[in-house]
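# Summary of structural features
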Amino acid sequence: RRVHGMSVLQFLPLSADRTLRRAHRFFAAGADGAAVPNEDAINYLNNVLLQEDTALCVAIQQGMESQAFTQGRLVVDPEGGWATEESVAQFHGLCHEALLRNT
């Protein structure tokens, strides 16, 4: 059976050479109330995606240590290619605006 869920990977830089890595997984409960994750998705997350993201964080932290890093927390492709997190920035902006309206 297909179970819908969401994973949140959190990388918290502690210093130029140390990062705390956390993974949070949320799954919708099935008809019986049990939340059963998709094993293929979990394996992909652990063995592919998490490894790629960890390697990116290592490279970014090494760049930050060089004092040459100027971009910020998100990856932005100025040419609008697929390797960008502009949609993440837009989502954060929408959430921020909504929180400001409700305070």
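The structure we're discussing is the one just above.
Note that the coordinates shown come from a computational prediction; the quantities given were computed from them, not determined experimentally. (Residues numbered from 1 in each chain as written. Predicted model: local features only at pLDDT ≥ 70, side-chain atom pairs only at ≥ 80, totals over all residues. Heavy atoms only, no water.)

## A few points about the overall build of the protein chain
- Within the protein chain, the secondary structure is distributed over two helices and two strands.
- Listing each helix as α and each strand as β along the protein chain from the N terminus yields β-β-α-α.
- Looking at the protein chain residue by residue over its 103 residues, the buried ones come to 6%.
- Restricting the contact set of the protein chain to residue pairs at least 6 apart, pairs at least 24 apart contribute 34%.
- Accessible surface for the protein chain amounts to roughly 8400 Å². Of this, 56% is attributable to carbon and sulfur atoms. (Helix = DSSP H or I, 4+ residues; strand = E, 2+ residues; numbered from the N terminus. Buried < 20%, exposed > 50% of the residue type's maximum accessible area, 1.4 Å probe, protein only. Contact = heavy atoms within 4.5 Å. Areas by Shrake-Rupley, 256 points an atom, 1.4 Å probe, with all protein chains shown as cover.)

## Observations concerning a nonpolar patch on the surface
- Side chains of Met6, Val8 and Phe26 sit close together on the surface and give an oily, nonpolar patch of about 270 Å² of accessible area.
- Mapped onto the elements of the fold, Met6 is located in strand β1 (residues 5-15). (Patch = residues over 30% accessible without salt bridge, like charges linked within 9 Å, V, L, I, M, F, W, Y side chains within 5 Å. Salt bridge = Lys/Arg side-chain N within 4 Å of Asp/Glu carboxyl O.)

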